[in-house]
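If you want the building blocks of each chain, they are given just below.
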Amino acid sequence: MGLSRLAALHGVATSYSPSPDVTVSVPDDTVIAVLAALGVDAGTPADVRKCLVAAESRSRLLPPTVVVWAGEPLPPALSGLPPGSTVTVEPEPPETPGRPPAPLSMRVRTAAPAPPVKSPAGAASASASAPASAPHPQRADGEPDAPAAVPAWWIPPPPGVHRVHVRTPDHRRATATLVVTPARLPQPPGRSHGFLVQLYSLLSARSWGMGDLGDLADLAAWSGRTLGSGFVQVNPLHAAVPGDPTDPSPYRPSSRRFPDPVHLRVESIPEYGHVRDRAALDDLRQDAAALSEAVLNKGALIDRDAVRELKRQALELVVEVPLTPGRRAAYCDFLAEQGQALEDHALWCALAEVHGPDWHAWPEALRDPRSPGTARARTELLDRVDFHCRLAWLTATQLAAAQRAAEDAGMSVGIVHDLAVGVHPAGADTWAQQEAFAHGMSVGAPPDAFNARGQDWGLPPWRPDVLAATGYAAYRGLLRGLLAHAGALRIDHVMGLFRLWWVPEGRPPTDGTYVAYDAEAMLAVLVLEAHRAGAVVVGEDLGTVEPGVREALARRGVLGTSVLWFERDWDGDGRPLAPEKWRRDCLATATTHDLPSTAARLTGDHVTLRHRLGLLTRSLEEELTEDATDTAEWLALLARLRMLPEGDGDEEAAVRAVHRFLLRTPARMTGVWLPDTVGDRRPQNLPGTWDQYPNWRLPIADAEGHPVTLEEITASPRLHALMDVLRPRKPHTAPPGERRP
C-alpha cells in the first residue's frame with residue numbers, strides 16, 4: 001500500500017485498463033524504476049516510508065505552476081487562499097523594448113465572488129474587480145457558457161506567462177509561474193480541404209534528391225490558387241540526428257525546437273548567386289541531379305545522408321558570402337530571439353561533427369552543456385557554431401516563405417506543421433535540457449488488441465515535475481518555435497499531454513506504466529502560444545484514448561483526427577458510421593502516413609504486403625477475407641448514399657467516392673493524402689518493420705509504382721478528377737462584352 005500511495009503522489013500508475021472490463025497490475029519493479037527516474041528513492045520499504053513522510057508533510061501554499069483561463073473561475077490554488085493574503089502578479093516582460101508593466105497587487109477578501117464588472121482602465125488597486133469584457137468559457141461545441149463569476153479582489157492580468165507572489169497574514173510566502181490564457185484555441189475559418197504529404201517524398205525538377213521547402217511553397221501556391229485548398233500538412237521537419245546512416249524517421253529527431261537544414265532549397269538563398277566558386281557549385285548541382293535521377297528513374301531510395309552532404313558542401317560556400325547590412329541585421333535579430341536555446345543546439349551540432357552524434361560517448365567534460373570544458377569548446381568551435389546558427393536562420397526564413405506563399409494563394413490555414421511526440425535519446429535536446437528528461441525511460445504504448453507486445457518508441461519522456469517547476473519553459477519554447485511560421489500545428493499522440501507510457505530501459509513494453517502530466521497546464525501553454533501565433537491545433541487522437549480526454553481537448557478547441565476506416569458505430573452495431581454522425585471539430589482523412597493508401601486498402605494490396613513481410617498473425621486467406629468484408633461494408637454504404645455512380649470495379653471512382661463521403665461529414669478540415677491523388681499503393685511507413693521495408697525513404701509514385709515529380713502530380717488527370725470532388729465551385733464570370741443571364 002505504501003508504494004501505491006507514493007506512486008499516486010507522483011502521478012505514477014500502479015495498474016491500467018487496456019479495455020473497460022480488464023485491469024492489469026503494474027510490476028513493483030517498474031513502479032520503483034519510474035519513481036527513481038523522477039528522483040524518488042523507493043528501493044526498500046524503509047525508503048518508501050521515508051519518502052511518504054516527506055511528501056505528505058510537505059505543504060505548498062502554491063503549486064509550481066498555476067493556470068487561469070480567461071473568464072473562468074479562479075483555480076483553487078488562488079480562490080482558496082486565506083483571507084487577508086496579498087497577491088502580487090509580476091507581468092511577463094513585453095516582447096518589444098519599452099517600459100515594463102507595473103505589478104498588479106491584490107488582497108484576498110472574504111466576500112462571496114461577485115459578477116464581473118468593468119474596472120477603470122489601468123486600475124491596479126485592491127478594490128478593482130474583473131473586467132466585464134473578459135472572454136467567456138466555451139462548450140465543446142464552440143458556444144459560450146454563461147459568464148463565470150470571479151472574486152471581486154481579482155485583477156485579471158493580460159494573457160501571458162507571469163510570476164505570482166503570495167504572502168499570507170501568518171507570513172507564509174510562495175511564488176509560482178502564472179499562466180493566463182484564453183479559454184479556447186483559434187478555429188479554422190469555415191470548412192477547408194488540403195493535402196497531407198511527407199515532404200521528403202515530394203521531389204520536383206529542382207529538388208536535390210528529396211523534397212524541400214521550395215517544393216512545399218510551390219505545392220501550397222499551386223493548390224491554393226488552382227484547387228482552392230485551405231492547407232498543406234507536412235511531416236515533422238525537426239532536426240535529425242546525423243548518422244551513418246541517419247535515422248530516416250521524422251518522428252525520432254535530435255531536436256524538436258529547430259528545423260533540419262536538409263530541407264533547404266539552396267538556390268533560393270540570396271547569397272547563392274554571389275558564390276565565387278561557380279564551378280564547385282555546378283559540380284554539386286550535377287551530383288544532386290544524379291541523386292534525383294536515381295530516385296525518380298532508377299529505383300533508388302531517398303538518401304538523406306547523400307543529400308545532407310551535398311547541401312553541406314554547398315552551404316559552406318554560400319555562408320562565405322558576406323551578408324548585406326539588412327540581412328546581417330535580420331540574422332542578428334534571429335540570434336537574439338532564439339538566445340541560449342539556439343546556441344546550445346548549434347554547439348551540439350558542432351561537437352557532433354568532432355565527436356560523433358551520441359553525446360553519451362563524448363569526452364566526459366563535454367557531456368554537460370554548462371561545464372568549463374564545454375565553454376572552452378564553444379570558443380574553439382565558434383566558426384562551426386555560427387555556421388549551424390546560420391543554417392537554422394536560413395531554414396526559418398524558408399519556412400516563413402512557405403507560409404507566406406500559402407497565405408498569398410488564399411489558403412485559410414496554410415502550412416500545418418507536425419510535432420513529434422519525443423526526441424532521440426542521443427540528440428541535441430536531451431543534451432541541452434538533461435534535467436528535463438527522464439533518463440533510462442522510453443515512451444511507448446501498452447499492449448492492446450492490435451499489438452499484444454506493446455510498443456517502445458525509443459524516446460525519453462519529459463519529467464512532469466521539472467516541467468512544472470520551470471514554468472514549462474522548454475515546452476513553451478518548443479511551441480513558440482514551431483508556431484512561428486505555421487498556420488496550424490498537428491500534435492502527434494496528443495494524449496501525451498495527459499499521460500505517457502514509460503518503459504524502463506532494458507525491459508519489454510509490457511513492463512511499462514503510465515505517468516501523468518498536468519494536462520491543465522500543458523493545454524494552457526498550448527492554447528496561449530497558439531493564440532499568440534493565430535494558429536489552429538489538430539490533435540492525433542487515434543487508438544486507445546483515456547476517458548474524458550477527447551472532451552477536454554474539444555473544450556479547449558483542439559481538433560481531433562478521424563480516419564474513415566476507423567469510424568464505426570462502436571457503441572452500436574459496429575457498422576460504418578454515417579457521415580452526419582461524425583464529429584465536426586476534426587480533420588477527416590481516408591488514411592495517414594502509418595496506414596495503407598486508399599487504393600491499397602480498397603484492393604487488399606496492403607494485406608499481401610504484410611504477408612510478404614511475415615507480419616500477419618493469421619493465415620493470408622483469413623486476413624484477406626476479413627479485409628474484404630470490411631471494405632465491402634464501406635463500399636455498400638457509399639453506394640447507398642449514391643456516392644459511387646460508376647458502380648463496382650472502378651478503383652479511381654471508389655477513391656473519389658471515399659472523398660465525397662468525407663466531404664459529406666461536418667468535419668472542419670478534410671485531408672487528402674497526396675499519394676492517393678496518383679494511385680500510389682505503398683505506405684510511407686509500415687509499423688512493425690525496420691529494415692524489412694523502406695520506411696520514410698519512398699518518393700510518391702503512380703499506380704504502376706513509377707515515381708512522379710511535383711510537376712507530373714499537378715498535371716495528373718487522376719488528381720484533377722479526384723480534386724473536382726472537393727474543389728470549391730467558383731461563380732461563373734462572364735468574359736468582357738458578354739452579359740450574364
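The rules behind these values
- Residues numbered from 1 in each chain as written.
- Predicted model: local features only at pLDDT ≥ 70, side-chain atom pairs only at ≥ 80, totals over all residues.
- Heavy atoms only, no water.
- pLDDT = per-residue confidence, 0-100.
- Contact = heavy atoms within 4.5 Å.
- Pairing = 2+ DSSP bridges.
- Helix = DSSP H or I, 4+ residues; strand = E, 2+ residues; numbered from the N terminus.
- Salt bridge = Lys/Arg side-chain N within 4 Å of Asp/Glu carboxyl O.
- Buried < 20%, exposed > 50% of the residue type's maximum accessible area, 1.4 Å probe, protein only.
- Axes fitted to C-alpha atoms, helices over the stretch in contact; angles between N-to-C directions.

**Re the confidence of the model for the protein chain**
Then, in step 1: With 92% of its residues at a pLDDT of 70 or more, the protein chain has an overall mean of 91.
Then, in step 2: Every residue in residues 731-741 scores below 50 in pLDDT, and together they form three contacts with partners more than four places removed in sequence or on other chains.

**Comments concerning the pairing of strand β4 (residues 86-90)**
Then, in step 1: Bridge count for β4 against strand β5 (residues 104-107) is four bridges, and the pairing is antiparallel. Its bridge partner being in β5, T88 is matched across the sheet by S105.
Then, in step 2: Across five bridges, the pairing between β4 and strand β6 (residues 160-167) is antiparallel. When the bridges of β6 are listed, V89 appears paired with V164.

**Topic: the pattern of salt bridges**
Then, in step 1: Under the counting rule described, the total for this entry stands at 38 salt bridges.
Then, in step 2: In this structure, D418 and R490 form a salt bridge, with 2.9 Å as the shortest nitrogen-oxygen distance. Highlighted residues: D418 in strand β12 (residues 414-419) and R490 in strand β15 (residues 488-491), separated in sequence by 72 residues. When sorted by exposure, D418 lands in the same class as R490, which is buried.
Then, in step 3: Of the charged contacts in the structure, one is a salt bridge between R532 and E529, with a shortest N-O distance of 3.1 Å. Of the two residues, R532 and E529 are both situated in helix α14 (residues 519-533); the distance of three residues between them amounts to about one turn of the helix.
Then, in step 4: Exposure remark for E529: the relative accessible area of 3% places this residue in the buried category.
Then, in step 5: Via salt bridges that share partners, E309, R312, E316, E353 and R384 belong to a single interconnected network.

**A short note on the sheet that holds strand β19 (residues 560-563)**
Then, in step 1: In spatial order, the strands read β18-β15-β12-β9-β8-β21-β20-β19; together these eight strands make up an open sheet with parallel pairing. Both outer strands of the open sheet, β18 (536-539) and β19, are each paired with one neighbouring strand and no more. Going from strand to strand, the sheet's axes swing by 25° on average, the running direction of each strand aside.
Then, in step 2: Sheet topology note: the β12/β15 ladder contains four bridges and is parallel. Across the sheet, L419 pairs through a bridge with I491, a residue of β15.
Then, in step 3: The strands touched by helix α13 (residues 473-483) are β12 and β15; relative to β12, the strand with the most contacts, the crossing angle is about 150°.

**A word on the sheet that holds β6**
Then, in step 1: Sheet architecture is open: five strands sit in the order β3-β7-β6-β4-β5, paired in mixed fashion. Strand pairing shows two members of the sheet lacking a second neighbour, β3 (65-69) and β5, which therefore form its edges. Looking at each pair of strands side by side, their axes are set apart by 25° on average, direction ignored.
Then, in step 2: The strands touched by α14 within the sheet are β3, β6 and β7 (173-181), with β3 carrying the most contacts at an inclination of about 55°.

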